[in-house]
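# Reading the structure
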Amino acid sequence: MSDIIQLLPDHVANQIAAGEVVQRPASVVKELLENAIDAKATTIKLLVKDAGKTLVQVIDNGSGMSVTDSRLSFERHATSKIRSAEDLFQLHTKGFRGEALASIAAIAHVELKTRQAHDEVGTQLIVEGSEVVSQEVVVTPKGTSIAVKNLFFNIPARRNFLKSNQVETRHIIDEFHRVALAHPNIQFVMYHNGSEVFNLPESNYRQRIVNIFGAKTNEKLVPVNEETEVVKISGFVGKPEYAKKTRGEQFFFVNDRFIKSAYLNHAISSAFEGLLKDSTHPSYFLNLTVDPQTIDINIHPTKTEIKFDDEHTLYAILRASVKHSLGQFNIAPVLDFDR
Ligand code: ADP
Ligand code: MG
């Protein structure tokens, strides 16, 4: 009998992990923007070319990395954000898996430039398909720039599977909106093929929503504010007449992280019961702040799903507070719809 099991080489393991973390250019956008936020940047620039198929670059003015850290950042399970399993339940960062950069570098050409405030010069690293191609000393502003070129260059099947530029750009803008809405106190700028698409100045939540979705949005926002022992809710719902046929502007953030939850979405729809015309969906921009000990976000690599200890209580509080806010704004059920 012969032994047949082998440990996969790192670059193969990274490429497999990349399949989960990076589905499309928008996944790279999300991971890089989140890293910039974790680095405490106050200004974050996103540069995209050809819907991210040629280039996704994020430039931040955050902490930067030391020479050693810049090398380590591309290793799998290498992170500065947690040290033990217990830390998973007191997370104050977006990242913690130490997987994104290793995954991205396995399937793209990556150019990193980074400098910490107290260093005179920075580091430039070029990594292609998990291979460090060069490492040099460079003059670069404080912070980090990561350029991801030719995504899926070594996985043609994956590259061919990408959708039209229009569809991929939509996905990128969706991610950009989610991150920008979660962090109104950070300036975000986005360029596509050299032209500026968004320039969102540092502001408050209402202003950020208006800057993204247009001045008309302002008068349509109904504030929601609630604080109980289990959750703090803040944000806005759209007045019923702002409801849309398509599920467009529906944003839930839990501890500043965009989350998809059909269950909590239902809590909102049911608070709108009797207020909406048939087959329209309410808009909402809601932030839930909970004790990190009461949630588990480590259930999916992209972290857009979450497990709450007590989902039922959250549902009830959310529904009641939205109902209350709608009531305060004298939005009574409309019985006679003008169809
Ligand atoms: P994670 O975010 O889960 O820690 P990543 O692979 O995304 O894993 O990043 C690995 C590490 O590289 C981070 O923990 C952080 O220390 C460092 N890093 C990545 N991006 C930046 C950045 N923009 N600024 C400073 N440090 C960064
Ligand atoms: Mg990360």
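Residues numbered from 1 in each chain as written. Chains lettered and ligands numbered in written order. Predicted model: local features only at pLDDT ≥ 70, side-chain atom pairs only at ≥ 80, totals over all residues.

### Some points on the site of ligand 1
Definition in use: Only the C-beta atom matters for this test: placed from the backbone, it must lie within 6 Å of a molecule or strand for the residue to be near it. Put simply, DSSP marks the helices as runs of H or I at least four residues long and the strands as runs of E at least two long, and each gets a number from the N terminus on. Side-chain classes follow a simple rule in which Ala, Val, Leu, Ile, Met, Phe, Trp, Tyr, Cys and Pro form the nonpolar group, Asp, Glu, Lys and Arg form the charged group, and the remainder, Gly included, forms the polar group.
Residues in contact with ligand 1 amount to 23 residues; listed here are only the nearest, Asn 35, Ala 39, Ser 73, Thr 79 and Gly 95. Listed by contribution, the elements that provide at least two residues to the shell around ligand 1 are α2 (25-38) and α4 (100-106). Across the shell around ligand 1, the residue classes tally to eight nonpolar, 10 polar and five charged.

### Some points on the sheet that holds strand β11 (residues 250-254)
This is how it is decided: Here, a strand pair is defined by DSSP locating no fewer than two bridges between the strands. Every axis corresponds to a line fitted to the C-alpha atoms, with the helix fit spanning only the stretch in contact, and the corresponding angles, defined between N-to-C directions, vary from 0 to 180 degrees.
With mixed pairing, five strands are arranged side by side in an open sheet as β9-β10-β13-β11-β12. The open sheet has two edge strands with one neighbour each: β9 (221-227) and β12 (257-259). Taking the axes of each pair of neighbouring strands and ignoring which way they run, one obtains an average angle of 20° across the sheet. In the sheet, β11 pairs with strand β13 (residues 284-289) via five bridges, with the strands oriented parallel. In the strand pairing of β13, Phe 253 is matched with Asn 287.

### Quick look at the domain arrangement of the protein chain
Let me state the cut-off plainly: Segmentation into domains, and thus their bounds, comes from an automatic or database assignment. Throughout, a residue-residue contact means that the two C-beta atoms, derived from backbone geometry, are no farther apart than 7 Å.
Split into domains, the protein chain comes out as domain 1 (10-200) and domain 2 (215-328). Put simply, the middle of domain 1 and the middle of domain 2, counted by C-alpha atoms, are 29 Å apart. Each partner contributes to the interface: domain 1 provides 12 residues, whereas domain 2 provides 11 residues. For the side of domain 1 that touches domain 2, the elements supplying multiple residues, two or more each, are α1 (10-21) and α6 (165-182). Counting residues per element, the side of domain 1 that touches domain 2 draws most heavily on α6, which supplies three residues.

### Re the environment of Thr 68
Defined as follows: In this scheme the burial state of a residue depends on its C-beta neighbours within 10 Å: 20 or more other such atoms mean buried, 12 or fewer mean exposed, and anything in between means partly exposed; the C-beta positions come from the backbone.
Residue position: Thr 68 is located in helix α3 (residues 67-72). The class of Thr 68 is exposed, set by 9 C-beta atoms lying within 10 Å. In sequence terms Thr 68 and Asp 291 are 223 residues apart; their C-alpha atoms lie 34 Å from each other.

### Here's the deal with the nonpolar core
Note the cut-off: Connectivity within a nonpolar core runs through C-beta atoms within 7 Å, and the core itself is a set of buried Ala, Val, Leu, Ile, Met, Phe, Trp, Tyr and Cys residues.
Ranked by size, the top nonpolar core spans 72 residues in total, and within it Val 29, Leu 33, Ile 104 and Ala 105 carry the most contacts. In terms of domain composition, this core takes at least three residues from each of domain 1 (10-200) and domain 2 (215-328). In contact with Ile 104, other than residues within four places in its own chain, are Val 22, Val 28, Glu 31, Val 110 and Val 148.

### A few points about the sheet that holds strand β8 (residues 195-200)
Pairing in this open sheet of eight strands is mixed, and the strands run β5-β4-β3-β6-β2-β1-β7-β8 from one edge to the other. Every interior strand has two partners, whereas the edge strands, β5 (131-138) and β8, have only one. Across the sheet, the axes of successive neighbouring strands diverge by a mean angle of 10°, strand direction being ignored. Bridge analysis of strand β3 (residues 109-115) against strand β4 (residues 122-128) gives six bridges, and the strand direction is antiparallel. What sits directly across from His 109, in β4, is Glu 128. Most of the contacts of α6 go to strand β7 (residues 187-192), to which it runs at about 170°, and overall it touches β1 (43-49), β7 and β8.

### A look at the pairing of strand β6 (residues 143-149)
Burial analysis of β6 places five of its seven residues in the buried class, the great majority of the element. With six bridges joining them, strand β2 (residues 55-60) and β6 adopt antiparallel strand pairing. Within β6, the residue paired with Ile 59 across the bridge is Ser 145. For β3 and β6, the ladder comprises seven bridges, and the chain directions are antiparallel. Directly across from Val 110, in β6, lies its bridge partner Val 148.

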